[in-house]
Amino acid sequence: MTSFTLAGKLRRLGSLLYEALLLAALLLAAAALFQPLFVWLGQPTWLHALFQLYLLAVLYFYCDWSWRRGGQTLAMKTWKIRLARADGNTKVLTLCGGT
């Protein structure tokens, strides 16, 4: 059994705020790629729904890619935070019920 020290509240808050900043930048960049469709096709309702699904997919793939590559997002790596169970298992997808 591996011994872990819990991250303090300030470290967790710092990581959360940094993650929010990174995700905002990622979503702005992803939205900028989608904007020409709004210019060409106008503002149909189905395009807004597709846009929201697209942004949700971008968020999902960012988290999935980060956690599969190292078990941490960029903000978690910066603040040296890792998810782990009490028994020391650090496989995030196993913690979340994935494979």
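Our subject is the structure listed above.
## Digging into helix H2 (residues 45–70)
Phase 1: Over its 26 residues, H2 extends 38 Å from the first C-alpha to the last, a length consistent with the 38 Å expected when each residue adds 1.5 Å.
Phase 2: Every buried residue of H2 is accounted for by Leu47, Phe51, Leu55, Val58, Tyr62, Asp64 and Ser66.
Phase 3: Looking one or two residues beyond H2, the residue adopting positive phi is glycine 71, at roughly 80°.

## Looking at the environment of leucine 22
Phase 1: Topologically, leucine 22 is positioned in helix H1 (residues 9–41).
Phase 2: When the C-alpha atoms of leucine 22 and threonine 73 are compared, they prove to be 10.0 Å apart, with 51 residues separating the residues in sequence.
Phase 3: Among residues more than four places away in sequence, those in contact with leucine 22 are Tyr62, Leu74 and Ala75.

## Some thoughts on the packing of aromatic side chains
Phase 1: Per the stated rule, a full pass over the model turns up five aromatic pairs.
Phase 2: Relative to phenylalanine 51, the ring of phenylalanine 34 lies with its centre 5.0 Å away and its plane at 40°, an arrangement referred to as tilted. Of the two residues, phenylalanine 34 is situated in helix H1 and phenylalanine 51 in helix H2; the sequence distance between them amounts to 17 residues. As far as burial versus exposure is concerned, phenylalanine 34 and phenylalanine 51 are alike and both buried.
Phase 3: With a centroid separation of 5.5 Å and an interplanar angle of 80°, the aromatic rings of phenylalanine 38 and phenylalanine 51 are classed as edge-to-face. Here phenylalanine 38, found in helix H1, pairs with phenylalanine 51, found in helix H2; they are 13 residues apart in sequence, far enough to count as distant.
Phase 4: The buried category is assigned to phenylalanine 38, whose relative accessible area is 7%.
Phase 5: Each residue in the set Phe34, Phe38, Phe51 and Tyr54 is aromatic and connected to the rest through ring pairs, giving one cluster.

## Considering the environment of lysine 80
Phase 1: Tracing the backbone through its elements, the reader meets lysine 80 in the loop between helix H3 (74–78) and helix H4 (92–95).
Phase 2: Sequence spacing of lysine 80 and alanine 7 is 73 residues, and the spatial spacing of their C-alpha atoms is 8.6 Å.

What counts, and where the lines are drawn
Residues numbered from 1 in each chain as written. Predicted model: local features only at pLDDT ≥ 70, side-chain atom pairs only at ≥ 80, totals over all residues. Heavy atoms only, no water. Helix = DSSP H or I, 4+ residues; strand = E, 2+ residues; numbered from the N terminus. Expected span 1.5 Å × (residues − 1). Buried < 20%, exposed > 50% of the residue type's maximum accessible area, 1.4 Å probe, protein only. Contact = heavy atoms within 4.5 Å. Phe/Tyr/Trp six-rings, centres within 6.5 Å; stacked < 30°, edge-to-face > 60°.

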